[in-house]
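Secondary and tertiary structure notes
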Amino acid sequence: MNPQKIFYFSSLLICAPLAMAQSGSDADSTQMEEITVVGTSLSRALALEEKQADSRLIEALGTDELGQFPDRNVGESLNRLPGVSMLVEKGEGRFVQIRGINPALNNVTINGASLGSPEQEGGGRSAPMDVISGGILGGVQVVKTPTPDMDAQGIGGTVNVQTSMPFDRAENFYGHVTMRAGFESVEPEDEAYAGTDPKGLDALISGKTEDGRFGWLVGGSWSDREYVATGIYQDDWNPDNGLPVNIKNNYYLIGRERTNLNAALEFRPDEASSYYVRAFSAAWDEYQHRNRYEQGFEEDILALTANSGTSGENVIASNVRLEEAHKDLFSLALGGENIFDRYSLSYMLQRNENDLSEPNDYWEFRSGDDFGPNSWVLGGDGVVSITPDVSSADRQDASLIPLRRVRFFERDMKEETTIAQMDLRWDRDATTFFKAGLKYSNTDRELDESQDRYNPGVLDLTLGTDPEFTNGVFTNHIGSNSAPNIWMDIEGMNAFFNNPANADYFESDPDDDFVSDNSADYRVTESITAAYIMGGKTMDKLEILGGLRVEQTDIDSRGNLLDDSSVTSVKDGGSYTTLIPSLIANYRMDNNLVLRAGITRAIGRPGFGDIAPRSTLSDDGGPTASINIGNPDLNPRISWNYDLSLEWYPNRLSILSASIFYKDITDELVGTTDSITDQSQMDAELASRGLSGVVDTSSLTRLDLSTTVNGGSASLQGLELLAQTQFAYLPAPFDALGASFSATFLDGETKLPSGTIPLVGQPERTLAYSLFYQKGPVDASISYAYNDSFLTDQNSDPDLVLDQGEFGRWDAKVSYSLRDNIKIFIEGVNLNNEPTSEFQGGRDTWNTEYEYVGRTYYLGASIGF
């Protein structure tokens, strides 16, 4: 369904009954309030109550009576909130955008303290939300108007993940277990790497002593999913002929296993004191097995019609990559609170340890210009299909594709953070309070990368040299398109390589290994010292919060400078002080109507990888390569944020709200890319960074030089709409129907010396819509979430910019309660089999990615006690 039509239909569907609910009789209102709030209605009601009561502008997610979130991971649940969208990676929501802002500029906290990240992507500041399962959490908040007692980081906002605690519920003993198993609509082929059906388990148990002084909680969540992603990738569209330079197709197998553990002890010796110890850990094991086949498409291209023609002899490349990632997040916090008459003192000491281990085996085979002539057709969806002439060599003959190189990568990252904070609050009277606090955090992040590369040796090696290298050929089906491919067996290749009798087929490349072992490594230490003072005053219906936060940031960074065969450690760093004022006002016209306004400031620190003094090369074996250059002189973005919202709560299950906001961002960080097509200039640029000889420039058509700079200013303005209600006024059984709808409309730009460009990572529209039904034992919902396309990579050449394509996904879930504490459910994810896409040069027909993961179905049961 067209997203614009969804918007108009949803507005009429939801706004009309909201008005009727408010204008109806007292009996109607009583009927609405008497609805039994359980299941997903409970989670929605808790979220609205939290949003209404908070002094800040927030969005919230709550759990039902069995501790369940509506989705498999927190990131996908957040995608349903206004102003929040998820970035989908290999079929699952991974990073969360708030109001279109780059995920690396948001702040992700656990119980109010920074969580950090075991990621390289986003400069190491993008926290992956798909690592966190919803099965053991107490709730999630998205804070859009920060107060001075919060971290300054978070231009888009702050996502606060709240772990479950022993005193969250009144019962002295409770727990729940949820089990699920499913299947994928696209099952792996027998010749593929692996693949098992998805499954998962969540469990939590908690108790308190009879006197209510001591509580404990232990929870765990585990899930395992292995699935297929097939895709077509057409790189480097040529503006002269409107055709891509090469055409790739992938057969991905992705396995993702996540384990979350949550434990807490809480001691309340009296009503004025509480102490706690809480620990949270998340382990993420992933493999991505990529079977890729590439057809060159640049030699002797002749167009006979507007969409068809012939091509000459071109390259065929076949490669396989097995990337395995293990990520660990660990957080341990000790703290407490003491109340002395009108004063309360809270304190906390927290230790975070995040680790990434990412081995990567990569075999590449590549022919000369040996395959052709061919005929080609450009389809209406922008996909080029190639048909070889009868005289052409067999393009799936493995013996005709020689070894190009094999590389064994290792990447290890360790991030350690220590946080200490103390807050003192004075409640002068029932309407006035003051609060002050101190916080110190120290983050030490170290990255170590290495590589063993081998080129062809004295003996010729092809993809067909050993029968264990391949499992035959196949046609890869991607949506309505199909493409040739070869089943490659990386385990057979590695076994061949490890056999000493085959040593003459390979020749090591110590020069390239030297560069790879040293050029990307860095160590960054970031220390932040903060102090704040704030206060609040309630005057009848008006509440005002205001204050000032000061943060001093000190950075020490180290990288390597390479010169021939020597390594020189380079040190850099700096410091800056930031003032973060905040003023928030809430006017509660009555119990149901709230007007909010805020003027706040926030910062977005540059990524760790962006400020490290290093230069890293990326070469995927194609006709282009890129160098990413660190910039230690980067300053953080500074944003002034202006918010105004109106919220109406007709009853416990309904809301109608509208929010407008404006962000004025200075010292904007912009990724810039300059492209070089002259070989001598390529060699000079590589030599100047100690990267001589790491890539054969004679085979390159382009070398991209990328870095990040403080490029000027940016602005972002937007409108957020939220509507939710239950149609209790309808006759039974339709009185159990309900709907929710959220929409965000954004308009942003970055002002550079060279002109104005769209804000990177900013979709102009995001929509989320749910229709739900809950009556008796039945609890059902169907939902749709949509993100518009947005700019991902800026380039000095407008024909080379990249945009992420629009994405809209349908999900559904039905549960049935066998008893009050036992329910079974079935759910379907990505029911419309929506692909992820990317396109080049601002032309949606110049597609550089079409990737499908299929549909996923689950059957499960939840038991509470």
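Residues numbered from 1 in each chain as written. Predicted model: local features only at pLDDT ≥ 70, side-chain atom pairs only at ≥ 80, totals over all residues. Heavy atoms only, no water.

All right, on to the overall build of the protein then. Scanning the protein from terminus to terminus reveals eight helices and 46 strands. The C-alpha atoms of the protein give a radius of gyration of 28 Å, which matches the 29 Å a tight globule of 865 residues would have. If one aligns the C-alpha atoms of the protein with their principal axes, the spans along those axes are about 85 × 60 × 55 Å. In the protein, which comprises 865 residues, the proportion classed as buried is 56%. Of the roughly 34,000 Å² of accessible surface on the protein, a fraction of 53% belongs to carbon and sulfur atoms. On the protein, the mean spot of the 66 positive side-chain charges and the mean spot of the 132 negative ones are 9 Å from each other. (Helix = DSSP H or I, 4+ residues; strand = E, 2+ residues; numbered from the N terminus. Rg over C-alpha atoms; globule rule 2.2 N^0.38 Å. Buried < 20%, exposed > 50% of the residue type's maximum accessible area, 1.4 Å probe, protein only. Areas by Shrake-Rupley, 256 points an atom, 1.4 Å probe, with all protein chains shown as cover. Lys, Arg positive; Asp, Glu negative; His and termini not counted. Charge placed at Lys NZ, Arg CZ, Asp CG, Glu CD.)

It is worth spelling out the nonpolar core at this point. Judged by nonpolar contacts, the single largest core of 30 residues is most densely connected at Tyr251, Trp363, Phe365, Leu461, Leu463, Met493 and Phe506. Put simply, the parts of the chain that give this core at least two residues each are strand 11 (243-270), strand 12 (273-296), strand 15 (316-340), strand 17 (360-366), strand 20 (403-429), strand 23 (481-488) and helix 5 (490-498). Looking at this core element by element, the count peaks at four residues for helix 5. Listed in part, the 24 residues of the second largest apolar core include Val84, Val108, Ile110 and Val159. (Core = buried A, V, L, I, M, F, W, Y, C linked by side-chain atoms within 4.5 Å.)

So, on to the pattern of salt bridges. Under the counting rule described, the total for this entry stands at 45 salt bridges. A salt bridge links Arg445 to Glu415; the shortest N-O distance between them is 2.6 Å. You can see Arg445 sitting in strand 21 (residues 432-456) and its partner Glu415 sitting in strand 20, a full 30 residues away along the chain. Judged on exposure class, the residue Arg445 and its partner Glu415 are both buried. A salt bridge links Arg453 to Asp509; the shortest N-O distance between them is 3.5 Å. Placement of the pair is Arg453 in strand 21 and Asp509 in the loop between strand 24 (506-508) and helix 6 (510-518), with a sequence separation of 56 residues. Taken individually, Arg453 and Asp509 each receive the classification buried, so the pair is uniform in this respect. Overlapping salt bridges, with partners in common, bring together Lys51, Glu59, Arg99, Lys144, Arg596, Asp643, Glu647 and Glu720 in one network. (Salt bridge = Lys/Arg side-chain N within 4 Å of Asp/Glu carboxyl O.)

Before going further, it helps to spend a moment on a nonpolar patch on the surface. Taken together, the side chains of Phe214, Leu265, Phe267, Tyr275, Val277, Phe330, Leu332 and Leu334 define a hydrophobic patch exposed on the protein surface, amounting to about 620 Å² of accessible area. Put simply, the parts of the chain that give the nonpolar patch at least two residues each are strand 11, strand 12 and strand 15. When residues of the nonpolar patch are assigned to their parent elements, the largest contribution, three residues, is made by strand 15. Mapped onto the elements, Tyr275 comes out in strand 12. (Patch = residues over 30% accessible without salt bridge, like charges linked within 9 Å, V, L, I, M, F, W, Y side chains within 5 Å.)

Here four strands make up an open sheet; going across it, the order is 13-14-18-19 and the pairing antiparallel. In this open sheet, the two strands that pair with only one neighbour each are strand 13 (302-305) and strand 19 (384-388). The average angle at which neighbouring strand axes cross in this sheet is 25 degrees, direction not considered. Here strand 18 (residues 374-378) runs beside strand 19; their pairing, made up of five bridges, is antiparallel. Considered in strand 19, the bridge of Val377 is made with Ser385. (Pairing = 2+ DSSP bridges. Axes fitted to C-alpha atoms, helices over the stretch in contact; angles between N-to-C directions.)

Alignment of strand 8 (residues 173-184) against strand 9 (residues 199-208), held across nine bridges, turns out to be antiparallel. Bridging across to strand 9, Ala181 finds its partner in Lys199. In the sheet, strand 9 pairs with strand 10 (residues 214-238) via ten bridges, with the strands oriented antiparallel. Bridge pairing in strand 10 places Ala203 opposite Gly220. In this structure, the hairpin formed by strand 9 and strand 10 is closed by a connection of five residues, where Gly212 is found at a positive phi of approximately 70 degrees.

If you walk across this open sheet you meet the five strands as 1-6-7-4-5, and the pairing is mixed. Each having just a single partner strand, strand 1 (58-61) and strand 5 (113-114) make up the two edges of the open sheet. By the bridge criterion, two bridges tie strand 4 (residues 107-110) to strand 5 in an arrangement that is antiparallel. Residue pairing for strand 5: Ile110 is matched across the bridge by Ala113. Packing of helix 3 (residues 39-53) onto the sheet brings it into contact with strand 1, strand 6 (137-143) and strand 7 (158-163), and relative to strand 1 it is tilted by some 155 degrees. (Contact = heavy atoms within 4.5 Å.)

Once that is clear, we can look at the environment of Asp747. Considering the arrangement of structural elements, one finds Asp747 in strand 36 (residues 737-752). Discounting chain neighbours no more than four positions away, the residues touching Asp747 are Ser715, Leu716, Gln717 and Gln762.

Here we come to the packing of aromatic side chains. The final tally for this structure, using the stated rule, is 26 aromatic pairs. Seen from their ring centres, Tyr251 and Trp487 are 5.0 Å apart, and the 80 degrees between their planes marks the pair as edge-to-face. Residue Tyr251 is found in strand 11, and its partner Trp487 is found in strand 23; the two are separated by 236 residues along the sequence. What makes Tyr251 buried here is its relative accessible area of 7%. For Trp487, a relative accessible area of 3% translates into the label buried. Ring centres of Phe297 and Trp376 lie 5.8 Å apart, and the angle between their planes is 85 degrees; on these two criteria the pair is classed as edge-to-face. Here Trp376 lies in strand 18 and Phe297 lies in the loop between strand 12 and strand 13, a separation of 79 residues in the sequence. Accessibility classification places Phe297 together with Trp376 in one group, the buried group. In this structure an aromatic cluster arises from ring pairing among Trp363, Phe365, Phe408, Tyr454, Phe469, Phe496, Phe497, Tyr505 and Phe506. Here the guanidinium or amino end of Arg44 rests over the ring plane of Phe772, the centre of that ring lying 3.5 Å away. (Phe/Tyr/Trp six-rings, centres within 6.5 Å; stacked < 30°, edge-to-face > 60°. Lys NZ or Arg CZ within 6 Å of the ring centre and 35° of its normal.)

Here Glu446 shows up in strand 21. Accessibility expressed as a relative area gives 40% for Glu446, which makes it partly exposed. Residues Glu446 and Trp376 lie 70 residues apart in sequence; the distance between their C-alpha atoms is 49 Å. Other than its neighbours up to four places away in sequence, Glu446 contacts Asp412, Met413, Lys414, Tyr522 and Arg523.

Moving on, we come to a negative patch on the surface. On the surface, a cluster of negative charge is contributed by Glu298, Glu299, Asp300, Glu313, Asp369 and Asp370. Looking at the secondary structure, you find Glu298 in the loop between strand 12 and strand 13.

For the protein, the mean per-residue pLDDT works out to 88, and 93% of the residues sit at or above 70. Scored below 50 in pLDDT, residues 5-13 shows 16 contacts in the model against residues more than four places distant or in partner chains. Predicted confidence for residues 19-35 stays below pLDDT 50, and this span has 16 contacts to residues more than four positions away or in other chains. (pLDDT = per-residue confidence, 0-100.)

So, about the side chain of Glu827. Assignment of secondary structure puts Glu827 in strand 43 (residues 822-829). No salt bridge is formed by the buried Glu827; the nearest opposite charge belongs to Arg180, separated by 4.0 Å. Apart from the residues within four sequence positions on either side, Glu827 is in contact with Arg180, Ala812, Lys813, Thr856, Tyr857 and Tyr858.

Looking along a regular strand, one sees side chains alternate from face to face of the sheet. Pairing geometry for strand 22 (residues 470-478) and strand 23, over seven bridges, is antiparallel. Each bridged residue has a counterpart across the sheet, and for Thr470 the counterpart in strand 23 is Met488. Hairpin connection, strand 22 to strand 23: the antiparallel pair is bridged by two residues, and Gly479 has positive phi, about 60 degrees.

What follows covers the environment of Gln421. For Gln421, the position within the fold is in strand 20. Measuring from C-alpha to C-alpha, the distance between Gln421 and Leu349 comes to 6.7 Å, with 72 residues separating the pair along the chain. Residue contacts for Gln421: discarding those within four places in its chain leaves Ser346, Tyr347, Met348, Leu438 and Lys439. Side chain to side chain, Gln421 and Asp423 meet in a polar contact 3.4 Å long. (Polar contact = N/O pair within 3.5 Å; in protein donor to acceptor, adjacent residues only side chain to side chain.)

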